[in-house]
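Structural characterization, general
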Amino acid sequence: MNNPSHFFTRLFSPLGKSILFVLLCLAFVFPVRLHAQNWEFGADFMTGFPQSDFRQNLDATGFGLDLLVLYQPSQYPVGFGIDAGFMTYGSTERREPFNPNIPEVSILVRTSHNIAFGHLFSRVQPLEGGVRPYLDLLFGFNYLYTESKIQDERNFEDIAGTTNFDDITSSVGFGAGSKFKIAETTDPDSGKLLKVYLDIRARYLLGGDAEYIQKGSIRSENGRLAYDLDRSRTDLLTLHVGFVVQLF
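As the structure is a prediction and not an experimental result, all values here were calculated from the model.

**Quick notes on the environment of V131**
One can find V131 in strand β5 (residues 131-151). C-alpha separation for the pair V131 and K181, spaced 50 residues apart in sequence, amounts to 6.5 Å. If sequence neighbours within four positions are ignored, V131 has contacts with S178, K179 and F180.

The structure is reproduced here in C-alpha cells:
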C-alpha cells in the first residue's frame with residue numbers, strides 16, 4: 001500500500017469543507033427528540049462500470065453488494081448516512097496438487113481482484129409517499145486489492161490466503177434514485193411503523209489515483225510471485241437494485 005499519510009492528505013484536503021458542512025448539519029439535527037426520527041436500512045445488488053482512464057486500463061464490469069444506514073429527522077427532507085460495499089471486477093482459478101508426492105489430491109487456487117468502499121453521504125428526499133425520488137452527495141474512499149486463496153475443492157472452505165497487492169484512495173460523487181413502496185405494517189407492541197421499498201439508483205464516483213492489478217496479470221517467475229501494476233484515477237459508474245426498510 002502507498003504511504004498512508006499520502007492517502008489522508010488526498011482524502012481530507014479536497015473534502016474538508018464538505019465534512020465541516022455535514023458535521024455542522026448533524027450538530028443541528030441530532031438535538032431533535034428521539035421520537036421525531038426515522039431510520040432506513042438498505043441492502044442491494046450492485047454493478048460497477050469503470051470510467052475514463054480506469055476504463056481504458058481495466059475494461060471490466062464489477063459485481064457486488066452494498067449496505068447503507070440513513071438517519072433522517074422527521075421534520076426535514078435531508079438525511080445523513082453511511083454506505084459500505086464490495087465489488088469484484090475479475091477472478092481466476094486453477095487446480096494444483098496438494099503435495100508433489102500426492103498428485104491424486106488437488107486444491108483450488110483462486111485469485112480475485114476487488115474494490116471495497118465506504119462513504120458518508122447526505123440525501124435529499126421527500127419524507128413520505130409511495131414513490132420517493134432522491135439525490136445523494138457522497139465522500140469517502142476506495143480500497144483496491146487483489147488476494148489469492150487456497151480452497152478445499154469439495155466444500156470451498158478457505159485453507160490459506162494472502163493479499164497480493166492493495167492501495168487506497170479518495171472517492172467523492174453524487175447519485176440519484178427512487179424508492180417504491182411495496183409493503184407497510186405496524187408493530188402491535190411498540191406501535192412503530194415499518195415500510196419496505198424497492199430501491200433503484202445510480203451513482204457516479206470520482207476516485208483518486210491508485211495502483212491495482214488487472215485480471216491475468218499475476219504470474220510465477222522462478223518460483224516467485226510477479227505481477228504488472230496499472231495506475232489511474234478510479235472513477236466508477238454504479239447501478240444499484242435492492243430493498244430499503246424504513247422505521248419510524
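We are not done yet, so read on.
**What about the pairing of strand β9 (residues 218-221)?**
Taken together, the four bridges between β9 and strand β10 (residues 224-227) define a ladder with antiparallel strand orientation. Paired with E221 across the strands is R224, a residue of β10. Hairpin connection, β9 to β10: the antiparallel pair is bridged by two residues, and N222 has positive phi, about 55°.

**Points about the side chain of R132**
Take R132: it is sitting in strand β5. According to the relative accessible area criterion, R132 is buried, its value standing at 0%. Reaching out from R132, the side chain makes a polar contact with the side chain of E40 at a distance of 3.2 Å. Beyond its immediate sequence surroundings of up to four residues, R132 is in contact with E40, Q72, Q125, P126, L127, G177, S178, K179, Y197 and Q246.

**Topic: the packing of aromatic side chains**
According to the stated counting rule, one finds six aromatic pairs in the structure shown. The residue whose ring lies beneath K179 is Y197, and the NZ or CZ to ring-centre distance is 6.0 Å. Above the ring of F121, the side-chain terminus of R203 is found at 5.6 Å from the ring centroid.

**Some details on the environment of L247**
Following the sequence through the fold, L247 ends up in strand β12 (residues 236-247). Exposure remark for L247: the relative accessible area of 32% places this residue in the partly exposed category.

**Regarding a nonpolar patch on the surface**
Residues V131, F180, I200 and V241 make up a contiguous nonpolar surface patch of roughly 320 Å² in combined accessible area. Residue placement: F180 occurs in strand β6 (residues 158-186). Taking the relative accessible area as the measure of exposure, F180 reaches 32% and is therefore partly exposed.

**Some words on the pairing of β6**
Pairing analysis gives 21 bridges linking β5 to β6, with the strands arranged antiparallel. Bridge pairing in β6 places F139 opposite V172. By the bridge criterion, 15 bridges tie β6 to strand β7 (residues 193-207) in an arrangement that is antiparallel. Paired with G177 across the strands is R201, a residue of β7. What sits between the antiparallel neighbours β6 and β7 is a turn of six residues, in which G191 has the positive phi angle 80°.

**Observations concerning the nonpolar core**
Counting residues in each nonpolar core, the largest one holds eleven residues, listed as M46, F54, L58, M87, Y89, I115, F117, L144, A210, Y212 and L236. Taken together, the elements giving at least two residues each to this core come down to α3 (52-58), β3 (78-99), β4 (102-124) and β8 (209-212). Sequence-distant contacts of A210, defined by excluding residues within four places in its chain, comprise L144, D167, T169, D230, R231, S232 and T234.

**Points about the pattern of salt bridges**
Taken as a whole and assessed by the stated rule, the structure comprises 14 salt bridges. Close ionic contact of K179 with E40 constitutes a salt bridge, the shortest N to O distance being 2.6 Å. Here E40 lies in strand β1 (residues 37-50) and K179 lies in strand β6, a separation of 139 residues in the sequence. In this structure, the salt-bridge partner of D136 is R123, at a minimum N-O distance of 2.7 Å. One end of the pair, D136, is in strand β5; the other, R123, is in strand β4, and 13 residues separate them in sequence. Owing to a relative accessible area of 5%, D136 belongs among the buried residues under this scheme.

**A short note on the environment of Y76**
With respect to the helices, strands and loops of the structure, Y76 is situated in the loop between β2 (62-73) and β3. C-alpha of Y76 to C-alpha of L127: the two residues are 51 residues apart in sequence and 7.5 Å apart in space.

Definitions and limits used
Residues numbered from 1 in each chain as written. Predicted model: local features only at pLDDT ≥ 70, side-chain atom pairs only at ≥ 80, totals over all residues. Heavy atoms only, no water. Helix = DSSP H or I, 4+ residues; strand = E, 2+ residues; numbered from the N terminus. Contact = heavy atoms within 4.5 Å. Pairing = 2+ DSSP bridges. Buried < 20%, exposed > 50% of the residue type's maximum accessible area, 1.4 Å probe, protein only. Polar contact = N/O pair within 3.5 Å; in protein donor to acceptor, adjacent residues only side chain to side chain. Phe/Tyr/Trp six-rings, centres within 6.5 Å; stacked < 30°, edge-to-face > 60°. Lys NZ or Arg CZ within 6 Å of the ring centre and 35° of its normal. Patch = residues over 30% accessible without salt bridge, like charges linked within 9 Å, V, L, I, M, F, W, Y side chains within 5 Å. Areas by Shrake-Rupley, 256 points an atom, 1.4 Å probe, with all protein chains shown as cover. Salt bridge = Lys/Arg side-chain N within 4 Å of Asp/Glu carboxyl O. Core = buried A, V, L, I, M, F, W, Y, C linked by side-chain atoms within 4.5 Å.

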